[in-house]
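One-letter residues, chain by chain:
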Amino acid sequence: MPESIALSLVSHTNVGKTTLARTLLGRDVGEVRDAPHVTEFTDVHVLLRSDAGDELTLWDTPGFGDSQRLVRRLRQDGNPLGWFLAQVWDRWKDRPFWASQQVVRHVRDTSDVVLYLVNAAEEPASAGYVAPEMDLLGWIGKPVLVLLNQLGPPRAAASDEQDLQRWAEHLRRWPLVHRVLPLDAFARCWVQEAALWHAVQDTLPLPRQAAMARLRLAWTAQRQQVFEDAMQALAASLGRLGAARVALDDAGGVRGTLRQIGSALGLAKNKPAALDRAEQVLARLIDTEVRNSTDALIRLHGLSGDATGAVLQHLGALVSWRRKVSEGPAALIGGMLSGAATGLAADVASGGLTLGGGLIAGGLIGALGAAGVARGLNVVRGTDRSWVSLTPEALQALLQATLLRYLAVAHFGRGRGQWRDGEAPAHWAGPVQQALAAHADAWRALWQGRSTSFDNPGESERLAQALQPLLSRCTRSSLDLLYPGAWEPAPNNPAP
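Residues numbered from 1 in each chain as written. Predicted model: local features only at pLDDT ≥ 70, side-chain atom pairs only at ≥ 80, totals over all residues. Heavy atoms only, no water.

Q: How do you make sense of the overall build of the protein chain when you look at a structure like this?
A: From N to C terminus, the protein chain includes 17 helices and nine strands. Per element, the accessible surface of the protein chain, about 22,000 Å² overall, is 53% carbon and sulfur. (Helix = DSSP H or I, 4+ residues; strand = E, 2+ residues; numbered from the N terminus. Areas by Shrake-Rupley, 256 points an atom, 1.4 Å probe, with all protein chains shown as cover.)

Q: What is the right way to look at the confidence of the model for the protein chain in this model?
A: Atom-level detail of predicted coordinates should not be read off regions where pLDDT is low. Summarising the model, the protein chain shows a mean pLDDT of 75, and 69% of its residues fall at 70 or more. The low-confidence segment residues 310-314, where pLDDT is below 50, has eight contacts with residues more than four positions distant or belonging to other chains. (pLDDT = per-residue confidence, 0-100. Contact = heavy atoms within 4.5 Å.)

Q: Looking at this structure, how should I read empty space enclosed by the protein?
A: Empty space left among the atoms is revealed by rolling a probe the size of a water molecule over them. Taken as a whole and judged by the stated rule, the model has three cavities of 30 Å³ or more. Computed from the structure, the largest cavity encloses a volume of approximately 100 Å³. Forming the walls of the largest cavity are 14 residues, and the residues nearest its centre are Leu151, Pro154, Asp160, Ala187 and Gln192. Each residue belonging to the lining of the largest cavity can be placed in one class, and the counts come to seven nonpolar, three polar and four charged. (1 Å grid on protein atoms, 1.4 Å probe; cavity = no way out; pocket = protein on both sides within 12 Å on 5 of 7 lines; lining within 4 Å. Points joined across faces, edges and corners; volume = space filled by probe spheres on them. Nonpolar A, V, L, I, M, F, W, Y, C, P; charged D, E, K, R; others polar.)

Q: Explain the sheet that holds strand E5 (residues 144-149) here, please?
A: Within a sheet, each strand pairs with its neighbour through backbone hydrogen bonds, oriented either parallel or antiparallel. Overall, mixed pairing links the six strands, which are arranged E2-E3-E1-E4-E5-E6 in an open sheet. For this open sheet the edge positions go to strand E2 (43-49) and strand E6 (177-182), each flanked by a neighbour on one side alone. Pairwise comparison of adjacent strand axes, ignoring direction, gives a mean angle of 25° for this sheet. The sheet contact formed by strand E1 (residues 4-11) and strand E3 (residues 55-60) spans six bridges and is parallel. By the bridge assignment, isoleucine 5 is partnered in E3 with leucine 56. Of the strands in this sheet, strand E4 (113-119), E5 and E6 touch helix H6 (residues 157-171), which is tilted by about 160° from E6. (Pairing = 2+ DSSP bridges. Axes fitted to C-alpha atoms, helices over the stretch in contact; angles between N-to-C directions.)

Q: Explain the pattern of salt bridges to me, please; I cannot follow it from the model alone.
A: One side chain can pair with another of opposite charge once the charged atoms of both are near each other. Per the counting criterion, the structure on display carries 15 salt bridges. The partner of aspartate 441 in a salt bridge is arginine 444, with the nearest N and O atoms 2.9 Å apart. Note that aspartate 441 and arginine 444 are positioned in helix H16 (residues 440-448) at a spacing of three residues, about one turn of the helix. By relative accessible area, which is 58% here, aspartate 441 ends up exposed. In this structure, a network of salt bridges that share partners links the residues Glu3, Asp112 and Arg208. (Salt bridge = Lys/Arg side-chain N within 4 Å of Asp/Glu carboxyl O. Buried < 20%, exposed > 50% of the residue type's maximum accessible area, 1.4 Å probe, protein only.)

Q: Whenever I open this one, the nonpolar core confuses me. Can you help?
A: With 85 residues, the main nonpolar core has Trp190, Leu196 and Tyr406 as its most contacted residues. For this core, the element with the highest residue contribution is helix H8 (residues 206-243), accounting for twelve residues. Filtering out sequence-adjacent residues up to four positions away, tryptophan 190 remains in contact with Trp219, Arg223, Phe227, His301, Tyr406, Ala410, Leu479 and Trp487. Judged by nonpolar contacts, the second largest core, of 28 residues, contains Val10, Ala120, Val130 and Leu164. (Core = buried A, V, L, I, M, F, W, Y, C linked by side-chain atoms within 4.5 Å.)

Q: Just checking my understanding: could you explain the packing of aromatic side chains for this structure?
A: The description of two aromatic rings rests on the distance between their centres and on the angle between their planes. Scanning the entire structure with this criterion turns up four aromatic pairs. A ring pair is formed by phenylalanine 227 and tyrosine 406, whose centres lie 5.9 Å apart and whose planes are at 85°; its orientation type is edge-to-face. Here phenylalanine 227, found in helix H8, pairs with tyrosine 406, found in helix H14 (residues 392-411); they are 179 residues apart in sequence, far enough to count as distant. The exposure class of tyrosine 406 is buried, given its relative accessible area of 1%. (Phe/Tyr/Trp six-rings, centres within 6.5 Å; stacked < 30°, edge-to-face > 60°.)

Q: So what exactly am I meant to see when it comes to the environment of histidine 439 here?
A: One can find histidine 439 in the loop between helix H15 (426-437) and H16. Exposure remark for histidine 439: the relative accessible area of 22% places this residue in the partly exposed category. When the C-alpha positions of histidine 439 and leucine 470 are compared, they lie 8.0 Å apart, and in sequence the two are 31 residues distant. If near-sequence neighbours (up to four positions away) are discounted, histidine 439 is found in contact with Leu470, Arg473 and Cys474.

Q: Help me understand the environment of aspartate 229, please; the structure alone is not making it clear to me.
A: Take aspartate 229: it is sitting in helix H8. Classification of aspartate 229 by relative accessible area gives partly exposed; the value is 27%.

Q: When you look at the packing of helix H10 (residues 273-300) against H14 in this model, what are you seeing that I'm missing?
A: Helix-helix packing is described using two parameters, namely the angle between the two axes and the distance between the axes. As a packed pair, H10 and H14 sit with axes 10 Å apart at the nearest point and diverge in direction by 30°. Between H10 and H14, the angle is such that the two are roughly parallel. With respect to the hand of their crossing, H10 and H14 are arranged in right-handed fashion. For the pair H10 and H14, contact is made by Ile286, Val290, Ser293, Thr294, Leu297 and Ile298 and by Leu398, Arg405, Tyr406 and Val409, respectively. Looking at side-chain class alone, the contact of H10 with H14 contains seven nonpolar, two polar and one charged residues. (Parallel < 35°, antiparallel > 145°, perpendicular 65-115°, else oblique. Left-handed = near helix turned anticlockwise from the far one by under 90°.)

Q: Whenever I open this one, the side chain of threonine 475 confuses me. Can you help?
A: Locating threonine 475 in the fold gives a position in helix H17 (residues 459-482). Classification of threonine 475 by relative accessible area gives buried; the value is 2%. Threonine 475 has contacts with Phe227, Met231, Leu403 and Tyr406, leaving out every residue within four places of it along the chain.

Q: Just to check I follow, could you spell out the pairing of strand E9 (residues 387-390) for this structure?
A: Note on strand geometry: in a regular strand, side chains alternate between the two faces of the sheet. Side chains of E9 alternate between two faces, with Trp387 and Ser389 and Val388 and Leu390 buried alike. Strand direction decides the pairing type here: strand E7 (residues 246-247) and E9, joined by two bridges, are antiparallel. Bridge pairing in E9 links valine 246 to valine 388.

Q: Just to check I follow, could you spell out helix H7 (residues 193-203) for this structure?
A: The periodicity of an α-helix, 3.6 residues per turn, causes residues three or four positions apart to be oriented the same way. Of all eleven residues in H7, eight are buried; the element is thus mostly enclosed. Where H7 is concerned, the buried positions are Glu193, Ala194, Leu196, Trp197, Ala199, Val200, Gln201 and Thr203.

Q: Would you mind going over the pairing of E6 with me for this structure?
A: Relative to E6, E5 is paired through five bridges, and the arrangement is parallel. Its bridge partner lying in E6, leucine 145 is registered against arginine 179. The parallel pair E5 and E6, bridged by H6, forms a crossover whose chirality is right-handed. (Right-handed = clockwise from strand over helix to strand, strands pointing away.)

Set out below in structure tokens:
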């Protein structure tokens with residue numbers, strides 16, 4: 001039999017209820033501004049539906065005002081004078097106070113569990129409104145889950161735990177409080193919501209817990225699908241970057257070949273202009289991919305806005321330079337250099353000349369002649385064109401940045417408004433690096449196994465297919481390290 005479970009979101013005025021409602025619902029509801037009693041009337045929204053037809057509803061309510069006065073008024077409910085004051089006088093003379101009374105009566109009549117929001121930035125003992133409002137909730141008699149809002153930017157778990165312990169200790173004297181949970185409307189990660197649904201289920205009477213379990217699994221399945229869609233979008237983007245090739249204009253003649261060889265050996269004072277232009281094209285390609293994949297994440301997570309800001313301007317040694325060696329000028333240079341040419345580095349094993357890659361000295365010119373080496377390099381590289389691409393080191397750096405971007409979007413609450421670019425908190429770097437390091441051999445093999453040809457049809461799709469499961473595992477590991485035990489795989493759909 002389908003059931004409906006009602007949650008009421010209540011707090012003191014101007015603590016952020018509607019902001020949190022928007023984050024939990026993933027859509028804009030109510031009005032958000034810095035003023036008391038913005039939510040004048042109680043609104044109901046469907047949070048979740050299960051396949052069995054169960055519904056989890058969220059009531060967004062007006063905030064409590066003068067709590068001590070409100071307690072006194074509600075205790076007069078049983079006498080005629082109290083009824084007249086509450087239903088007639090207050091409604092006419094003091095509408096915000098009347099609205100606060102309606103909140104309490106609504107919670108008493110319709111709610112299964114109360115979500116009571118507090119400002120975690122305050123010291124619990126200094127929040128004088130908490131005690132009378134707890135008395136109000138005690139008068140109602142519904143179980144209460146306390147949510148810590150306004151925690152600030154994402155922090156290490158130890159910092160959140162300190163706030164949690166302070167508030168839990170302060171609220172211990174009220175037995176109606178079943179749990180205290182961190183859930184910042186601006187900066188919670190979606191996996192933290194799982195703890196809320198667990199707490200709601202545990203708080204309900206035993207006969208109703210089965211319905212909440214079905215609703216919780218429906219939420220998990222939805223979020224798992226968003227996660228997989230996000231991993232697919234990011235893997236496709238990284239695949240395109242891994243397969244990207246930018247043609248390099250060949251500079252003919254002896255002078256051009258001398259500059260080519262000198263740059264490859266690290267002897268040239270200035271980088272060829274053609275290489276600089278190609279790097280700029282590659283940088284713009286990276287910028288476009290990062291913007292587009294971030295926009296995809298924003299949409300998938302029910303947010304609004306667009307990615308902004310330049311991502312990458314200079315690539316430098318992170319660009320692999322694979323350049324065709326012209327046979328005629330190479331033969332002439334070989335004759336000019338005579339014996340000294342035997343020290344020419346030929347990175348044959350890696351498939352060509354790689355800028356900053358550490359070239360291997362060889363004696364091939366003496367044995368084959370300069371023209372023979374030129375043909376050998378071009379054949380080994382599998383290309384008849386000069387081009388630049390990203391090195392494995394560059395792709396690994398972009399991979400780490402991709403995980404950090406995912407975390408940034410996954411923590412961005414809808415109630416915060418439109419997406420805004422920002423820096424990742426320092427404590428995210430460690431878990432991300434640890435997660436990637438656990439699969440370092442697999443990543444290295446993937447990047448080094450890329451095609452060495454300029455024309456590589458299907459390469460980006462092949463890379464994306466190989467990338468996605470590995471990217472999913474590393475992202476999930478990062479979330480597990482940041483929020484141990486929070487991840488739950490969807491039923492019949494094991495986690496990556």
